[in-house]
Amino acid sequence: MIQRIVLTGAALFLFFLAGNVMGETSLVMNIKSAGIVVVGTLLTGFLAFPVTTFKGALENLLILFRQTGQDHRPLIEQMEALALIRRKHGDKVLESEGAKIEHPFLRKGMELVVDRYDRYEIRNIMEREFEMYFSRKDSEVGLLTTLTRVAPAFGFVGTLIGLINVLGNMGDPAKIGQGMAIALLTTFYGLLLSNFVFQPLARKLSESIKAEVLLLNIIMDATMDISEQTNSRAVSHRLYSLLGEKKSNNRGDEKPQTSPGGLSIRPLLQRFIPGK
Amino acid sequence: MIQRIVLTGAALFLFFLAGNVMGETSLVMNIKSAGIVVVGTLLTGFLAFPVTTFKGALENLLILFRQTGQDHRPLIEQMEALALIRRKHGDKVLESEGAKIEHPFLRKGMELVVDRYDRYEIRNIMEREFEMYFSRKDSEVGLLTTLTRVAPAFGFVGTLIGLINVLGNMGDPAKIGQGMAIALLTTFYGLLLSNFVFQPLARKLSESIKAEVLLLNIIMDATMDISEQTNSRAVSHRLYSLLGEKKSNNRGDEKPQTSPGGLSIRPLLQRFIPGK
Amino acid sequence: MIQRIVLTGAALFLFFLAGNVMGETSLVMNIKSAGIVVVGTLLTGFLAFPVTTFKGALENLLILFRQTGQDHRPLIEQMEALALIRRKHGDKVLESEGAKIEHPFLRKGMELVVDRYDRYEIRNIMEREFEMYFSRKDSEVGLLTTLTRVAPAFGFVGTLIGLINVLGNMGDPAKIGQGMAIALLTTFYGLLLSNFVFQPLARKLSESIKAEVLLLNIIMDATMDISEQTNSRAVSHRLYSLLGEKKSNNRGDEKPQTSPGGLSIRPLLQRFIPGK
Amino acid sequence: MIQRIVLTGAALFLFFLAGNVMGETSLVMNIKSAGIVVVGTLLTGFLAFPVTTFKGALENLLILFRQTGQDHRPLIEQMEALALIRRKHGDKVLESEGAKIEHPFLRKGMELVVDRYDRYEIRNIMEREFEMYFSRKDSEVGLLTTLTRVAPAFGFVGTLIGLINVLGNMGDPAKIGQGMAIALLTTFYGLLLSNFVFQPLARKLSESIKAEVLLLNIIMDATMDISEQTNSRAVSHRLYSLLGEKKSNNRGDEKPQTSPGGLSIRPLLQRFIPGK
Amino acid sequence: MIQRIVLTGAALFLFFLAGNVMGETSLVMNIKSAGIVVVGTLLTGFLAFPVTTFKGALENLLILFRQTGQDHRPLIEQMEALALIRRKHGDKVLESEGAKIEHPFLRKGMELVVDRYDRYEIRNIMEREFEMYFSRKDSEVGLLTTLTRVAPAFGFVGTLIGLINVLGNMGDPAKIGQGMAIALLTTFYGLLLSNFVFQPLARKLSESIKAEVLLLNIIMDATMDISEQTNSRAVSHRLYSLLGEKKSNNRGDEKPQTSPGGLSIRPLLQRFIPGK
């Protein structure tokens, strides 16, 4: 909701700024100026990064802007339920339930538990996978940061082209205005593209990664605890502290608020959700 | 007190600078220029960060500017008292006293002690919670840093709009002055906003986080020591070294200067307090 | 394929930009301007870094742009096969098979296994070698970063030379244009060289290093596992998680899809390959 | 000595630069320009940091500029003497001698030894205290870095005020010169303040911290060794390697060159002293 | 050899650039401009760093530019020989041979071995000494980085002085050219000094430190191995992997290619040497 207001506001503000500029310059020149900046910036990005990094960044950003909010509570209840399932029903049931899990790293964790890896091996395998996962994410942020840095440079390159053309036709005052316009227009679009598009996108992506690091660590901790069947109080405590609240009256026993056999995912109070 | 003098001085200085500029430019143009910078900068912030990060940063800054000073001594005496309570009166009394603690992490720590988690588990649980807590704080500093970086860029964007308009109306000298004015005004407000507002706010917040990291580590150490009931000399020593002074004549026994049953919070000499 | 499209597009864009500038400036001046920037930048690089670093960076970049994609699957199947060979046929056969391995660090790892170093020694020796290897790679990225930073500075140095010459001949308007042209041309080429050439090259190289760090860690893990002949499930799991897929129906036994005696390197589905 | 020559040279250079500028601008304008920069920069500092950080930075810098050189040898001989005292005369004498020590962390260390904390506890307590100590120092460097970064921005703010006033009075050529002068004067003083004052001060402070980290680590090592009464050869070796020389003919026994009962602090050859 | 070509080329390029500028400006003005930048930059350096850091940086850079190449092979053979000496001839001979070693840290390491420190103590003592050594080196790089950053600022300060003088004498067109010339000349020399002198020097020094870190780690590893007389295969392997080659036909026994009693330092194939 707020997400949409912000995006609409940003679009209106962009139109307002462009409108202020349009008055004195033709639409064609505006498109040409913006084109030089966009093409140069994206080409630099494609020179430096493989296409898969572009795709990954785009997909992640679409998800980030589409999602109404991130509620980790269902996931946490799922982990509690899985701990109970293993203790009450054994690995057989855990395997069939685990295959239904949506979150890829939690599903993988349950596979490791069912395959009876010990605590140390689980940490080792999961950490290597996290490394690979976040290395990809990190490249995507790196791409957006590179675009942020390169866009104003191409804006200034366009400005220089315009200035050089102006200087070569000093005699014709009409062309001076036109040349200066395209010169400044490219810097204008370079700065906007960098600060109003790539900079917030890079930040948004890196913020979501920061949150994901915390979540995946929780999942790894829970997986190790489930594999050992000990310290179930600790895992419950840790899981609920993620939600910033105390599991009210049943601290010390892990009976989840779900039916023991299935994994209930209750829609929950939304006040905890960021970006909503 | 000094806090207030500084804020008043900053406001006066701001008016002095704006006054120097106002002489040659209309109020409307000043408001429009400042508006472009403020709206563009904040919109970028909202594009990059969820609303909760804005709220969190605002709340923390209000607390930082309102508080007359940070006195950790009551908290430290509280920890000493809690150690004594546990040894003399046992977990039952500790639980009821612990529920009265205001500081959320110390209260959580006492819950862990009462629930008889061992040293390793306490460290593990508290560290994950600190991580989550400081991850949120870190995002708030990141927001202010982003605003600091983006504000001058929007100032320059406004300047470019002004310049482009000037170049399109070279014939009319009256408009040149006006266009140049709004051009330079936006850069002026962009620089002021960045360096005089967001930069010190970002610094103030990150400094307070640095201090909080130290405090939370002390609380974690004390919680672990209380849970073990050993090394009480060490915890006392560590606690008092935080205050930069030696616990005068009763080193080696932890009798606190408080009535054994309750948690006294004495108002203390204020010379140690920063920002006062 | 996409690699080639991007390179062609970048070349065309460069010609388009240069063409826009050429109209008003002579080819000689363009060559002189680009020359000042290129010579100054490269000389700075040669002052700061040994020739071997230049060679290394060049070789690595040529490999990066020539390769159609990086498929780690043959390497991973090779490691699985090596684990099987050791268990089934012993160190004698492993030694002769190991000598045929192309990847230098995997070959070295197998030498260490045959020489019966223990897990700790293998980690110790391989980590020192990785350090030395990545220290060299790191210098190569440092070289490209230095060039990225220095190129615009030399562009501006050329601009200053032009401006000083213009200011010394204020009377001759013809020379003003010429002087200003060379002035702006060097900045133009400095910015292009920095942002369109060195910046993406530096990024491309550092991205490839990031991927290599992950791969070499996998190789080290596998070598340690092979040396111990235990945890073969873990190594298999780890190896296949690199490919982002589960080894379908034979989890838990390591029978590779290769003839047991030799090391088959099957051409594989290409969808996993970046930059393709 | 050299310290004084450098300071005198810096002052003369500053007067030379200011003199070059004074010729064309009035003293009042120079003071006003410098005033805007100094007031704006300091106000920003006071907004971001508590007054105690200012005081701390000032005190430390005064000490750094007053001290004729840092000779760690007396401190090291003191530590050697303390090790001998403990072994020969026991904790009673160590306590009374320890109370006379000037260096606060070494005195604290001896208290910990007398109180019979073990190696682990000593490390734990001292590291927390170092953390708190260096956190304060770090804030002081952060203050100076902030001032370094903000000063040129306020210089440019002043320049913008001047330019806006000039543009509003285009008709009056006399005022153009004056406006431009104050404009450029503030940038001039902003750059000088940043690069000639705050930048070297920030560096000097951070360098002194780096040296202090090493020294405090030596003190912590020595304290731990004294507490264990073993490895006295190692502590002696470590202590003398700090001085970059070998303890000539009595390696392996710790007889210090001091009278056993007291702590002699000999004035020593000064060639090792930095900043002299 | 290449070193000399690069230095000559850099000098010629510098003269070419200066020559391009000289045409329109007098030699006196060039010297004055360069003087302002050099004096201001160096004074800032002397304000921030002690004289010993200047001396150290200068000495290290002279060594770096004089040396024809860095061949670590003699050192590595020396370490192999020392391992053999200790095992075959005992500590007595090792002591007398060790005293002849030129490399200070290897000599110190052998002293520690002869003094019969254990593995842990050797690591502890040597790491502290490395810390102190690299802390000094780090300051030297910090000095050069500071000079790199400050030089363009003083260039711009000089430019401002020139501009202010021009603005104060608008009536006299002859003085405008002169003023602008000195203005731009200082920026010109500031940029050259920063990017063409201090930047590559800082990089060269930090690169040499990076290589030294690796070498000193090898020396520390070897010293620890020699002290234990075990794992001699590992030390030999590690040593030769530094050279990027396999010790051909005598893997598994450490017979060095030297006469057992002395330390042969053979001149070796030079292809491995950087900067040659």
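How each quantity is defined
Residues numbered from 1 in each chain as written. Chains lettered and ligands numbered in written order. Predicted model: local features only at pLDDT ≥ 70, side-chain atom pairs only at ≥ 80, totals over all residues. Heavy atoms only, no water. Contact = heavy atoms within 4.5 Å. Buried area = accessible area lost by both parts, 1.4 Å probe. Salt bridge = Lys/Arg side-chain N within 4 Å of Asp/Glu carboxyl O. Polar contact = N/O pair within 3.5 Å; in protein donor to acceptor, adjacent residues only side chain to side chain. Phe/Tyr/Trp six-rings, centres within 6.5 Å; stacked < 30°, edge-to-face > 60°. Helix = DSSP H or I, 4+ residues; strand = E, 2+ residues; numbered from the N terminus. Lys NZ or Arg CZ within 6 Å of the ring centre and 35° of its normal. Expected span 1.5 Å × (residues − 1). Buried < 20%, exposed > 50% of the residue type's maximum accessible area, 1.4 Å probe, protein only. Least-squares fit on C-alpha atoms with pLDDT ≥ 70 in both.

This brings us to the interface of chain D and chain E. Between chain D and chain E, the residue contacts involve 44 residues of the former and 45 residues of the latter. Carbon and sulfur atoms make up 66% of the area that chain D and chain E hide from each other, which totals about 4,300 Å². On inspection of chain D and its partner chain E, the count reaches two salt bridges. Applying the counting criterion to the chain D and chain E interface returns eight residue pairs in polar contact (both at pLDDT 80 or more).

In this assembly, 46 residues from chain A lie in contact with 45 residues from chain C. Across the chain A to chain C interface the summed buried area is about 4,300 Å²; carbon plus sulfur atoms make up 66%. On the chain A side of the contact with chain C, A:Leu47, A:Arg128 and A:Ile164 bury the most area, a combined 16% of that side's loss. Inspection of the region where chain A meets chain C yields two salt bridges.

Summed over the entire model, instances satisfying the criterion amount to 45 aromatic pairs over all chains. Aromatic pair B:Phe105 and B:Phe130: ring centres 5.0 Å apart, planes at 85°, arrangement edge-to-face. Of this pair, B:Phe105 sits in helix 5 (residues 104–114) while B:Phe130 sits in helix 6 (residues 119–168), and the two are 25 residues apart along the sequence. An aromatic cluster of three or more residues is present, and its members are A:Phe13, A:Phe16, A:Phe196 and B:Phe154. Above the face of the C:Phe65 ring, C:Lys204 is positioned so that its terminal group lies 5.1 Å from the ring centre.

What follows concerns helix 2 (residues 27–48) of chain C. Between its first and last C-alpha atoms helix 2 of chain C spans 32 Å; for 22 residues at 1.5 Å apiece the expected length is 32 Å, and the two agree. Within helix 2 of chain C, burial applies to C:Met29, C:Asn30, C:Ser33, C:Ile36, C:Val37, C:Gly40, C:Thr41, C:Leu43, C:Thr44, C:Gly45, C:Leu47 and C:Ala48.

A word on the pattern of salt bridges. Here the structure, examined in full by the defined rule, presents 55 salt bridges over all chains. For B:Arg123, the salt bridge goes to B:Glu127, with nearest N and O atoms at 3.2 Å. Of this pair, B:Arg123 and B:Glu127 both sit in helix 6, four residues apart, which is roughly one turn of that helix. Ionic contacts of the salt-bridge type, sharing partners, join the residues A:Arg86, A:Asp91 and A:Arg116 into one network.

This part takes up the relation of the copies chain A and chain C. Once turned by 72° and shifted 0.0 Å along the axis, chain A lies on chain C with an RMSD of 0.0 Å. One copy is carried onto the other by what is essentially a five-fold rotation axis. Relative to the rotation axis, the C-alpha of A:Arg149 is the closest in chain A, positioned 11 Å from it.

Checked against the element boundaries, A:Glu131 lands in helix 6 (residues 119–168). When neighbours within four sequence positions are excluded, A:Glu131 is seen to be in contact with C:Leu214 and C:Asn217.

This paragraph deals with the environment of A:Arg86. Residue and element names in this part refer to chain A. Structurally, Arg-86 can be placed in helix 4 (residues 73–98). Between the alpha carbons of Arg-86 and Pro-74 there is a distance of 18 Å; along the sequence they are twelve residues apart. Once you skip the residues sitting within four places of it in the chain, Arg-86 turns out to touch Asp-91, Leu-94, Val-113, Arg-116, Ile-226, Ser-227, Glu-228 and Gln-229.

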